[in-house]
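# Per-entry structural report
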Amino acid sequence: MIDEAPTAPRTVRLFVALAPPDDAKDELARALRPVHAAHPRLRWNRIEDWHITLAFLGEVAVDVVEALRPPLAEVAVAAEPLTLALHGAGQFDERVLWSDVRGDLDALHTLADAVRGVVADCGIPLENRPLRAHLTLARARRDNLDGIAAAAAELADFTGRPWPARMLHLVASNQGRGPGPIHYRDVDAWPLPTR
């Protein structure tokens, strides 16, 4: 029997995002400690994976990555400087806990529109839904929907420090590629203008 080398995946699950700097994430993580302890059955996202999604591309052909790189680099160079902050918490239905994003939201929406335009120009269909800027913190398990509303209420008064968005990230996810937690990795990233 001949051993065959494993074949590389033909598709990749992608999204385009911003990531808060480490000190802003650490600030929120400190505020989350008592909430995390009070709600251990929630599936908490790893701090290193926290991000603000601008466009979710889903599962796409691997060769699309090369087509996305030049126009996303151009979008990053042309972007307005953004100062953002994490603030409070909320929930999407009873399943998802998130922190709100405040700051230069008009410029953030302009950036998201430009990113989505690039994605569409590369022939990738996107869901037509408006950007709701947020950072996902946790999800309820299907068999235990308790905790999201209480956790959101416990974080309602959180106010994070403002921070400049420094990089536009093209991110790959291993979701759907086996058991275990979801992990993200940068495929590429481009500097954004800062004030």
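Here we summarise the structure given alongside this text. (Residues numbered from 1 in each chain as written. Predicted model: local features only at pLDDT ≥ 70, side-chain atom pairs only at ≥ 80, totals over all residues. Heavy atoms only, no water.)

With antiparallel pairing, 4 strands are arranged side by side in an open sheet as 3-1-8-9. Strands at the two margins of the open sheet, each flanked by one partner only, are strand 3 (52-61) and strand 9 (184-191). Neighbour to neighbour, the strand axes of the sheet diverge by 20° on average, direction disregarded. By the bridge criterion, 7 bridges tie strand 8 (residues 167-173) to strand 9 in an arrangement that is antiparallel. (Pairing = 2+ DSSP bridges. Helix = DSSP H or I, 4+ residues; strand = E, 2+ residues; numbered from the N terminus. Axes fitted to C-alpha atoms, helices over the stretch in contact; angles between N-to-C directions.)

Here the largest pocket is characterised by a volume of approximately 1300 Å³. Lining the largest pocket are 36 residues, and of these Thr-53, Phe-56, His-134, Thr-136 and Arg-139 sit closest to its centre. Of all the secondary structure elements, the ones that give two or more residues to the lining of the largest pocket are strand 1 (11-18), strand 2 (43-44), strand 3 and strand 6 (134-139). Top contributing element to the lining of the largest pocket by residue count: strand 3, with 5 residues. Class assignment for the residues of the lining of the largest pocket results in 17 nonpolar, 7 polar and 12 charged. (1 Å grid on protein atoms, 1.4 Å probe; cavity = no way out; pocket = protein on both sides within 12 Å on 5 of 7 lines; lining within 4 Å. Points joined across faces, edges and corners; volume = space filled by probe spheres on them. Nonpolar A, V, L, I, M, F, W, Y, C, P; charged D, E, K, R; others polar.)

Moving on to the packing of helix 2 (residues 64-78) against helix 3 (residues 105-121). Packed helices, taken two at a time, are described by their axes: the angle between them and the distance between them. For the pair helix 2 and helix 3, interaxial distance at closest approach is 10 Å and the crossing angle is 160°. Compared by their axis directions, helix 2 and helix 3 come out roughly antiparallel. Both helix 2 and helix 3 take part in a crossing whose hand is right-handed. Contacts from Leu-68, Pro-71, Leu-72 and Val-75 of helix 2 reach helix 3 at Leu-111, Ala-114, Val-115, Val-118 and Val-119. (Parallel < 35°, antiparallel > 145°, perpendicular 65-115°, else oblique. Left-handed = near helix turned anticlockwise from the far one by under 90°. Contact = heavy atoms within 4.5 Å.)

What follows deals with the environment of Asp-100. Its place among the elements puts Asp-100 in strand 5 (residues 96-103). The sequence separation of Asp-100 and Ala-85 amounts to 15 residues, and the corresponding C-alpha distance is 8.3 Å. Residue contacts for Asp-100: discarding those within four places in its chain leaves Ala-85, Leu-86, His-87, Gly-88, Arg-132 and Ala-133. Polar contacts involving the side chain of Asp-100 include one to the side chain of Arg-132, which spans 3.0 Å. (Polar contact = N/O pair within 3.5 Å; in protein donor to acceptor, adjacent residues only side chain to side chain.)

On to the pattern of salt bridges. Summed over all chains, the structure comprises 10 salt bridges. Put simply, Asp-22 and Lys-25 hold a salt bridge, and the shortest N to O gap is 3.8 Å. You can see Asp-22 and its partner Lys-25 sitting in helix 1 (residues 22-38), 3 residues apart, about one turn around the helix. Residue classification places Asp-22 among the exposed positions, given a relative accessible area of 55%. With a shortest N-O distance of 3.3 Å, Asp-100 and Arg-102 are connected by a salt bridge. You can call Asp-100 buried: its relative accessible area is 13%. Several salt bridges converge on common partners, so that one network encompasses Arg-46, Glu-48 and Asp-49. (Salt bridge = Lys/Arg side-chain N within 4 Å of Asp/Glu carboxyl O. Buried < 20%, exposed > 50% of the residue type's maximum accessible area, 1.4 Å probe, protein only.)

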